[in-house]
Amino acid sequence: MPEHEKPVVVPYDPEWAAGGRELCALLRERLGASALHVDHIGSTSVPGMAAKDIYDVQVSVADLDQAADVFEAPLAALGFVRSPYLRDHVPAGREADEDPADWAKRYWSRRGGTAPDVNLHVRRAGSPNERLALLFRDWLRATPDAVPAYARFKYVLAENVPDTGTYADVKDPVVDLVAVVAEQWAAATSWHPHP
């Protein structure tokens with residue numbers, strides 16, 4: 001994710017749902033058995049949510065290093081470039097309880113051209129960062145009354161920060177806050193990442 005670019009949040013596009021399904025199907029086909037799950041995540045996966053016009057996709061794998069080796073050629077053929085990001089943000093209040101290695105990931109992006117822009121997050125199946133991405137998405141889908149408030153926050157944030165790096169740094173604590181409520185919802189509904 002180019003951290004120096006100005007973030008641009010746009011209104012929800014109903015085409016994002018179908019585009020996400022097509023993208024996930026393509027990645028399942030190209031990445032093979034090492035891709036245990038391929039999920040459309042992030043704001044473009046939430047009905048009615050304003051977002052940056054960039055798909056977020058999560059690929060769940062058994063081993064990050066092995067997957068990175070196996071995925072490099074097929075992802076390059078699809079226009080993806082590997083980025084140096086090796087770890088996700090650990091939610092506030094969980095730093096002391098979590099092993100930083102549990103928040104490891106591998107990351108590729110695709111920008112420009114005729115294909116959609118994509119952030120591709122490869123995370124270990126069963127890890128807390130894999131779970132959080134799915135929980136955040138599913139809680140927002142199940143709580144449509146929260147969508148306008150979160151969308152408004154993103155519009156205001158994008159208008160007031162100089163770049164996507166700052167955008168992510170400011171957004172992380174808000175995601176941490178939502179995650180607290182989402183975890184309560186998960187417990188009350190017996191939610192699981194991959195039922």
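Computed from a predicted structure; not experimentally measured.

What about unusual backbone geometry?
Notably, Ser 190 is not glycine yet its phi reads approximately 60 degrees, a positive angle. Here Ser 190 is to be found in the segment after helix 5 (164-189). Relative accessible area serves as the criterion here: at 52%, Ser 190 is assigned to the exposed category.

Here we look at the environment of His 37
Note that His 37 resides in strand 2 (residues 37-41). Between the alpha carbons of His 37 and Gln 58 there is a distance of 7.9 Å; along the sequence they are 21 residues apart. When residues no more than four places from it in sequence are discounted, the contact partners of His 37 are Gln 58, Val 59, Ser 60, Glu 130 and His 194.

What to know about the layout of surface pockets
The calculated volume of the largest pocket comes to roughly 1,000 Å³. Together, 35 residues line the largest pocket, and Asp 88, His 121, Arg 123, Lys 171 and Asp 172 are the ones closest to its centre. Residue assignment for the lining of the largest pocket shows that the elements contributing at least two residues are strand 3 (51-52), strand 6 (105-110), strand 7 (118-124), helix 3 (128-142), helix 4 (147-160) and helix 5. The element that contributes the greatest number of residues to the lining of the largest pocket is helix 5, accounting for nine residues. Residue classes in the lining of the largest pocket are distributed as 14 nonpolar, nine polar and 12 charged.

Structural notes on the sheet that holds strand 7
In space, the five strands of this open sheet follow the order 2-4-7-6-5, with mixed pairing throughout. Across the chains shown, the open sheet's two edge strands, defined by having one partner strand only, are strand 2 and strand 5 (81-83). Averaged over all pairs of adjacent strands, the angle between their axes in this sheet comes to 25 degrees, without regard to strand direction. Bridge count between strand 6 and strand 7: six bridges; the pairing is antiparallel. Bridged to Ser 109 within strand 7 is Asn 119. Running over the sheet, helix 1 (residues 15-31) touches strand 2, strand 4 (55-61), strand 6 and strand 7 and is turned about 35 degrees from strand 4.

Cut-offs applied
- Residues numbered from 1 in each chain as written.
- Predicted model: local features only at pLDDT ≥ 70, side-chain atom pairs only at ≥ 80, totals over all residues.
- Heavy atoms only, no water.
- Helix = DSSP H or I, 4+ residues; strand = E, 2+ residues; numbered from the N terminus.
- Buried < 20%, exposed > 50% of the residue type's maximum accessible area, 1.4 Å probe, protein only.
- Contact = heavy atoms within 4.5 Å.
- 1 Å grid on protein atoms, 1.4 Å probe; cavity = no way out; pocket = protein on both sides within 12 Å on 5 of 7 lines; lining within 4 Å.
- Points joined across faces, edges and corners; volume = space filled by probe spheres on them.
- Nonpolar A, V, L, I, M, F, W, Y, C, P; charged D, E, K, R; others polar.
- Pairing = 2+ DSSP bridges.
- Axes fitted to C-alpha atoms, helices over the stretch in contact; angles between N-to-C directions.

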